[in-house]
Amino acid sequence: MQRASAFDCSLRILTLRDHAEAELRRKLERRGYQEEEVEASVVRLKELGYLDDLRFARSYAASLLRNGKGYGVRLKMELSRRGVAPAIVDEVLGELALEYGESELLAQVMERRYGSFDAKSATDKEKRKVIGYLQRKGFSLSAIFRQLEAGARD
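Here the structure is a predicted model, which means the values were calculated and not measured. (Residues numbered from 1 in each chain as written. Predicted model: local features only at pLDDT ≥ 70, side-chain atom pairs only at ≥ 80, totals over all residues. Heavy atoms only, no water.)

Engineer: Give me the lowdown on the environment of serine 103, citing residues and values where you can.
Structural biologist: Relative to the helices and strands, serine 103 resides in helix α7 (residues 102-113). Since its relative accessible area comes to 40%, serine 103 is described here as partly exposed. Here glutamate 104 takes part through its side chain, which lies 3.5 Å from a polar atom of the side chain of serine 103. (Helix = DSSP H or I, 4+ residues; strand = E, 2+ residues; numbered from the N terminus. Buried < 20%, exposed > 50% of the residue type's maximum accessible area, 1.4 Å probe, protein only. Polar contact = N/O pair within 3.5 Å; in protein donor to acceptor, adjacent residues only side chain to side chain.)

Engineer: Give me the pattern of salt bridges: which residues, what numbers.
Structural biologist: Think of it this way: side chains of opposite charge can pair up when their charged atoms draw near. Applying the stated criterion to the full structure yields twelve salt bridges. With its nearest N and O atoms 2.7 Å apart, the salt bridge here joins lysine 46 to glutamate 21. Residue lysine 46 is located in helix α3 (residues 35-48), and its partner glutamate 21 is located in helix α2 (residues 21-30); the two are separated by 25 residues in the primary sequence. The class for lysine 46 is partly exposed, based on a relative accessible area of 44%. Its relative accessible area of 15% is what places glutamate 21 among the buried residues. Put simply, glutamate 47 and arginine 44 hold a salt bridge, and the shortest N to O gap is 3.8 Å. With glutamate 47 and arginine 44 both in helix α3 and three residues apart, the pair spans about one turn of that helix. (Salt bridge = Lys/Arg side-chain N within 4 Å of Asp/Glu carboxyl O.)

Engineer: Could you give an account of the confidence of the model for the protein, naming the residues involved and the relevant values?
Structural biologist: Of all residues in the protein, 96% have pLDDT values of 70 or greater, and the mean over the chain is 90. Per-residue pLDDT, averaged within each element of the protein, yields its smallest value for helix α9 (residues 141-153) (83) and its largest for α2 (96). (pLDDT = per-residue confidence, 0-100.)

Engineer: Summarise the side chain of lysine 137; cite the residues concerned and give the values.
Structural biologist: Looking at the element boundaries, lysine 137 is found in the loop between α8 (124-136) and α9. Buried and unpaired, lysine 137 has no salt bridge, with glutamate 78 as the nearest side chain of opposite charge at 8.1 Å. Lysine 137 has contacts with Gly68, Lys69, Gly70, Tyr71 and Arg74, leaving out every residue within four places of it along the chain. (Lys, Arg positive; Asp, Glu negative; His and termini not counted. Contact = heavy atoms within 4.5 Å.)

Engineer: Which residues make up α3, and what values do they have?
Structural biologist: For α3, built from 14 residues, the straight-helix expectation of 20 Å at 1.5 Å per residue is met to within 8% by its first-to-last C-alpha distance of 20 Å. Of all the positions in α3, only Val38, Ser41, Val42 and Leu45 are classed as buried. The buried side chains of α3 occupy one side of the element, clustering within an arc of 100° when seen end-on. For α3, exposure combined with an orientation more than 90 degrees from the buried face picks out Glu36 and Glu47. Two residues or fewer after α3 comes glycine 49, characterised by a positive phi angle close to 85°. (Expected span 1.5 Å × (residues − 1). Arc of directions from axis to C-beta.)

Engineer: Go over the nonpolar core, please, and point to the residues and values.
Structural biologist: Formed by 31 residues in total, the largest nonpolar core has its most connected members in Leu134 and Phe139. When contributions to this core are tallied by element, the ones reaching two or more residues are α4 (53-66), α5 (73-81), α6 (86-99), α7, α8 and α9. Among the elements that line this core, the one with the most residues is α4, at seven residues. The next biggest cluster of nonpolar side chains, apart from the first, holds eleven residues, and it includes Ala6, Cys9, Leu14 and Val38. (Core = buried A, V, L, I, M, F, W, Y, C linked by side-chain atoms within 4.5 Å.)

Here you go:
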C-alpha cells in the first residue's frame, strides 16, 4: 500500500484543528516525510489559505483567554511553544489585551475556580495557593493583589 503524500497528510491533520506552521512541520517530520516534501506541502497550504500562523495564534489565544486557561506571559509561552513567531505573538497579545481586560478575566477565573474563597478569612497558606495558581495562569501579581483586596472589602 502506498503512503499518502505530505500534502494529503497535512490536510487530514488540519481537518482536526488549526495548527501553527512549525507544529505542522514537526508532525510531518515525525511521520517520516522528507524536508522537501514537507516544504512543498507547507507552501501549497499557505497558498490555499489553509495554514496561517496569525489566524492560528488569534484563535488559539482567544480560546485560552475565554476558557480561563491563561493570560499574558502564559499565552506568550504557549504560542511560542507551538512555534509561532515572536512578532506574531506580540501582535496577537496586543490585540487581545484591548479586547480582554486582565482584571475582568481574573475575576472570572477567581469566581469559577475559587468561588467560595474569602481573602479576609483565608490563611496565608490558602492565599499562597491561590496566588500561585493565578500566577501560573499568567496574571500579574499586582492584578492578583488588587483582586484579593477587592474581594476582602466586599
